[in-house]
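Here's the letter readout for the chains.
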Amino acid sequence: MLTLSLAMHQLDNDVKSATVKDNMHTTAMNGWWQSVPPVGMKTGRLEVDEIGRDGKRKRHSILVPDEENDMASKVAKVLIRFSQGDMSVAELARYAGKIGVRTRKGNLPSRETMTNMLKQAAYAGYIRHDTLTDGELVKAKWDGIIPPDIYLDNIARLQSHGRKKGKKEVHLVNNPD
């Protein structure tokens, strides 16, 4: 009897897990944000014309520029600067530190931090996640702080620096409205 009870609980957990993963995938594919915002951005809420189970209007998360300490424009300046092609990622990290870009903890950005920022599609108004969007770029419900072509150019520059066999190209995908 205990075995049957445990099996029922495990099945219930598996069903809940699958439902949550499916909802997260759908939310991401529709262009809504669901994580900690990247440096230079903050989370905002947007009401939609859907009514939830509680009878209230649904609200989804979007990203908006973080204007505190002019951080969004500093991040945009750094991302645009890299697209000029005359700086390494390490040099870009030093440049970012000089103009006042800081991590969430207030530290100077490292080379790894800069690489992650350059790969972050949210700055261009897109979402990209290995599992939630299957690695595809999906148009987000907010405007980016840099144009999409700058983002794609930066990705191409990063890929050309560390070219690996089998590396797939990045393409923009618009979400269904």
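As shown above, the structure is provided for reference.
Here the structure is a predicted model, which is why all the values come from computation and not from measurement.

**Concerning the overall build of the protein**
Part 1 of the argument: Along its length, the protein carries five helices and five strands.
Part 2 of the argument: In the protein, the succession of helices and strands from N to C terminus is α-β-β-α-α-α-β-β-α-β.
Part 3 of the argument: Sorting the 177 residues of the protein into buried and exposed places 37% on the buried side.
Part 4 of the argument: A separation threshold of at least 6 residues defines the contact pool for the protein, and within that pool the share at least 24 residues apart is 55%.
Part 5 of the argument: If you sum the accessible surface of the protein, you get close to 11,300 Å²; carbon and sulfur atoms cover 51% of it.
Part 6 of the argument: Side chains of the protein give 28 positive and 22 negative charges; the mean places of these two sets differ by 6 Å.

**With respect to helix 3 (residues 89-99)**
Part 1 of the argument: Along helix 3, the residues that are buried comprise Val-89, Leu-92, Ala-93, Tyr-95, Ala-96 and Gly-97.
Part 2 of the argument: Against the buried residues of helix 3 lie helix 2 (71-82), helix 4 (111-119) and helix 5 (148-161).
Part 3 of the argument: Once helix 3 ends, the next one or two residues include Gly-100, with phi positive near 105 degrees.

**Points about the packing of helix 4 against helix 5**
Part 1 of the argument: At a closest axis distance of 9 Å, the pairing of helix 4 and helix 5 adopts a crossing angle of 135 degrees. Between helix 4 and helix 5, the angle falls in the class oblique. Here helix 4 contributes Thr-115, Leu-118 and Lys-119 to the contact with helix 5, which in turn contributes Tyr-151, Asn-154, Ile-155 and Leu-158.
Part 2 of the argument: A per-class count over the contact of helix 4 with helix 5 returns four nonpolar, two polar and one charged.

**Focus on the pairing of strand 2 (residues 57-65)**
Part 1 of the argument: Note that strand 1 (residues 41-51) and strand 2 share eight bridges and pair antiparallel. Residue pairing in the sheet places Leu-46 in a bridge with His-60 of strand 2.

**A word on unusual backbone geometry**
Part 1 of the argument: Phi at Asn-69 is positive, roughly 60 degrees, even though this residue is not glycine.
Part 2 of the argument: The exposure class of Asn-69 is exposed, given its relative accessible area of 56%.
Part 3 of the argument: Notably, Asp-134 is not glycine yet its phi reads approximately 55 degrees, a positive angle.
Part 4 of the argument: Note on placement: Asp-134 falls in the loop between strand 3 (126-128) and strand 4 (137-139).

**Digging into the packing of aromatic side chains**
Part 1 of the argument: Going through the model one piece at a time under the given rule, you end up with one aromatic pair.
Part 2 of the argument: Ring plane angle 80 degrees and centroid distance 5.8 Å describe the contact between Trp-33 and Trp-142, whose orientation is recorded as edge-to-face. Taken as a pair, Trp-33 in the loop between helix 1 (2-29) and strand 1 and Trp-142 in the loop between strand 4 and helix 5 lie far apart in primary sequence, 109 residues in all.
Part 3 of the argument: Among the residues examined, Trp-33 registers a relative accessible area of 11% and is labelled buried.
Part 4 of the argument: Classification of Trp-142 as buried rests on a relative accessible area of 4%.
Part 5 of the argument: Positioned over the ring face of Tyr-126 is Lys-139, at 5.3 Å from the centre of the ring.

Reading the values: rules and limits
Residues numbered from 1 in each chain as written. Predicted model: local features only at pLDDT ≥ 70, side-chain atom pairs only at ≥ 80, totals over all residues. Heavy atoms only, no water. Helix = DSSP H or I, 4+ residues; strand = E, 2+ residues; numbered from the N terminus. Buried < 20%, exposed > 50% of the residue type's maximum accessible area, 1.4 Å probe, protein only. Contact = heavy atoms within 4.5 Å. Areas by Shrake-Rupley, 256 points an atom, 1.4 Å probe, with all protein chains shown as cover. Lys, Arg positive; Asp, Glu negative; His and termini not counted. Charge placed at Lys NZ, Arg CZ, Asp CG, Glu CD. Axes fitted to C-alpha atoms, helices over the stretch in contact; angles between N-to-C directions. Parallel < 35°, antiparallel > 145°, perpendicular 65-115°, else oblique. Nonpolar A, V, L, I, M, F, W, Y, C, P; charged D, E, K, R; others polar. Pairing = 2+ DSSP bridges. Phe/Tyr/Trp six-rings, centres within 6.5 Å; stacked < 30°, edge-to-face > 60°. Lys NZ or Arg CZ within 6 Å of the ring centre and 35° of its normal.

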